[in-house]
Amino acid sequence: MKKRGLAMQADGRVIDAITFPYSISELPEGSYTVSAQHHNDVLSRTVNIKAGATNTLSLNFLYGSAILKTEPSGATVQTEDGRYLGVTPLTVTELKPGSWTFSLQHDGYEATTASLAITADQATSFETNLVSVNYTASMKVARQAMNAEDFDGALKAVDDALIAKPDDADALTLQRDAIGLGSLKRAKKFGETGDFIGGEKELATTLGVLPDNGEAKALLAEFKRREPEQKERMRLKRLNRGNVAFTNALLAYGDANLFDQHELKTTKPVGEVHIAILNALKTLPNFKLIKNSSPAPETFEIQFAQEFSTYLATSAGGRNGVIVCAQTKDDETQILFKILEYTTEAEIKFSIGNLIGTPNAVNYVPISPSRLGPLSEKLQAQLNDGVTNVTARIQGAIGQVKVSTPQ
């Protein structure tokens, strides 16, 4: 590349304007200063000219270069003083040796700087992955949530960060900590409620991602020590769940205490028993299903009604049944039931309706000696038939004989 310059005498008088390389002849002896300019760079040297000799002077502009790459590409590159150089990937030439700082900016990404030591006649490379603004914001939220022990919130923010910057090591570390510490926090809650088995499951997750967590190890040992007491509580609760559900079901019937409670047991699982009994009850005359629900785990409740009529199509009474099935052991299902029988007490008014046997009002009265005194044969038969018919259907459904019928 040719370079412009000025050749001058010692007293500063301009002798010639030249383009390098160039030869000047017939110069008087003396000391000359030669200056060369390339763009905004000026290089000056002093040379002593002797008569009868060819004097050579070399002026070398020493430059290095920088190669700047970003992922994604397209980042604008500026010098420290704000001079625009281009967009990445970019090669910047004719840089003076020394320290250079470049500013790299890209929409949607954090601005970054490249500080390079430029060496003459060498290319210095700089490559970087630009950081998404969304990544930075999400990581900030995640760290704040971690400090507040909001581990679910931290996980959500980390997920957003990983969308912006997949496989990022910092985000993955934060994700691991949020999973482990969140699981540890839930394990503590299980322990506070006495659910040591649930706590052990959570601690397995904790130690799966944080294997060296001392608190989790100590808590796991404590939960294992106390697990037997929980299992005993669960066994007793399971044994009694049918009684509890049955007592609650009978609260809807104010006369329930007037009738006997009956119990059957079977080795069949409760789900199978529930369906079989329900299907068997549907064969009862005038059957009406009132309730079919699961008030507790491994527990089912059935409530039904039957209405009886006279030959004149007036009410002759009715029946309510309450049945609860509960899995009390792995190989045992308990069936508790009561059959509530009612007759009617018509309040007859003298009217045309009386002549054809149609009562104006009907009251239902429980068939019980405590309400009616000694029972007639007809009422006693209705009372017995209700229990017999329902019991037979339940026994047929489960394929077992009746275990006990408290009187």
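Cut-offs applied
Residues numbered from 1 in each chain as written. Predicted model: local features only at pLDDT ≥ 70, side-chain atom pairs only at ≥ 80, totals over all residues. Heavy atoms only, no water. Helix = DSSP H or I, 4+ residues; strand = E, 2+ residues; numbered from the N terminus. Buried < 20%, exposed > 50% of the residue type's maximum accessible area, 1.4 Å probe, protein only. Contact = heavy atoms within 4.5 Å. Areas by Shrake-Rupley, 256 points an atom, 1.4 Å probe, with all protein chains shown as cover. Core = buried A, V, L, I, M, F, W, Y, C linked by side-chain atoms within 4.5 Å. Expected span 1.5 Å × (residues − 1). Arc of directions from axis to C-beta. Phe/Tyr/Trp six-rings, centres within 6.5 Å; stacked < 30°, edge-to-face > 60°. Lys NZ or Arg CZ within 6 Å of the ring centre and 35° of its normal. pLDDT = per-residue confidence, 0-100. Polar contact = N/O pair within 3.5 Å; in protein donor to acceptor, adjacent residues only side chain to side chain. Pairing = 2+ DSSP bridges.

### Thoughts on the overall build of the protein
Then, in step 1: A tally of regular secondary structure across the protein gives nine helices and 17 strands.
Then, in step 2: In the protein, which comprises 407 residues, the share counted as buried stands at 36%.
Then, in step 3: Put simply, of all contacts in the protein between residues at least 6 apart along the chain, 53% involve residues at least 24 apart.
Then, in step 4: Summed over its atoms, the accessible surface of the protein is roughly 23,500 Å², and 52% of this surface lies on carbon and sulfur atoms.

### Re the nonpolar core
Then, in step 1: By size, the foremost hydrophobic cluster in this structure holds 19 residues, and its most contacted members are Ile 277, Leu 281, Ile 323, Ile 335, Phe 337, Val 390 and Ile 394.
Then, in step 2: At the level of secondary structure, the elements contributing two or more residues to this core comprise α6 (270–281), β14 (299–309), β15 (315–329), β16 (332–346) and α9 (377–398).
Then, in step 3: Here this core gets six residues from one element, more than from any other, and that element is α6.
Then, in step 4: Non-local contacts of Ile 335, meaning those with residues more than four positions away in its chain, are made with His 262, Glu 263, Leu 264, Thr 266, Val 273, Ile 277, Ile 323, Val 324, Cys 325, Ile 394 and Ile 398.

### Remarks on α6
Then, in step 1: With twelve residues, α6 extends 16 Å between its outermost C-alpha atoms, agreeing within 8% with the 16 Å of an ideal straight helix rising 1.5 Å per residue.
Then, in step 2: All buried positions along α6 are accounted for by Val 270, Val 273, His 274, Ile 277, Leu 278, Ala 280 and Leu 281. Down the axis of α6, the buried side of the element spans an arc of 160 degrees, and every buried residue falls inside it.

### Observations concerning the packing of aromatic side chains
Then, in step 1: A complete count under the given rule lists five aromatic pairs for this structure.
Then, in step 2: Between Phe 259 and Tyr 342, the ring centres sit 6.3 Å apart and the planes meet at 55 degrees, which makes this aromatic pair tilted. Taken together, the residues Phe 259 in the loop between α5 (214–250) and β12 (261–266) and Tyr 342 in strand β16 connect sequence positions 83 residues apart. By the burial criterion, Phe 259 is buried, and Tyr 342 matches it.
Then, in step 3: In this structure, Lys 165 packs its charged tip against the face of Tyr 135, placed 4.9 Å from the ring centre.

### So, the confidence of the model for the protein
Then, in step 1: The predicted model of the protein has a mean per-residue pLDDT of 87, with 88% of residues at 70 or higher.
Then, in step 2: Here residues 1–11 is a poorly scored stretch, pLDDT under 50, and it has 39 contacts once near neighbours within four places are set aside; other chains count.
Then, in step 3: For the stretch residues 346–359, pLDDT sits under 50, and the model shows 16 contacts to residues farther than four places along the chain or on other chains.

### Thoughts on the environment of Asp 150
Then, in step 1: On the secondary structure map, Asp 150 appears in the loop between α1 (133–147) and α2 (151–164).
Then, in step 2: Residues Asp 150 and Ala 178 lie 28 residues apart in sequence; the distance between their C-alpha atoms is 8.6 Å.
Then, in step 3: Within polar-contact distance, the side chain of Asp 150 engages the backbone nitrogen of Gly 153 at 3.0 Å.

### Brief notes about the pairing of strand β4 (residues 41–49)
Then, in step 1: Sheet analysis places strand β3 (residues 30–38) next to β4, joined by nine bridges and oriented antiparallel. Within the sheet, the bridge partner assigned to His 38 lies in β4 and is Asp 41.
Then, in step 2: In this structure, the hairpin formed by β3 and β4 is closed by a connection of two residues, where His 39 is found at a positive phi of approximately 55 degrees.

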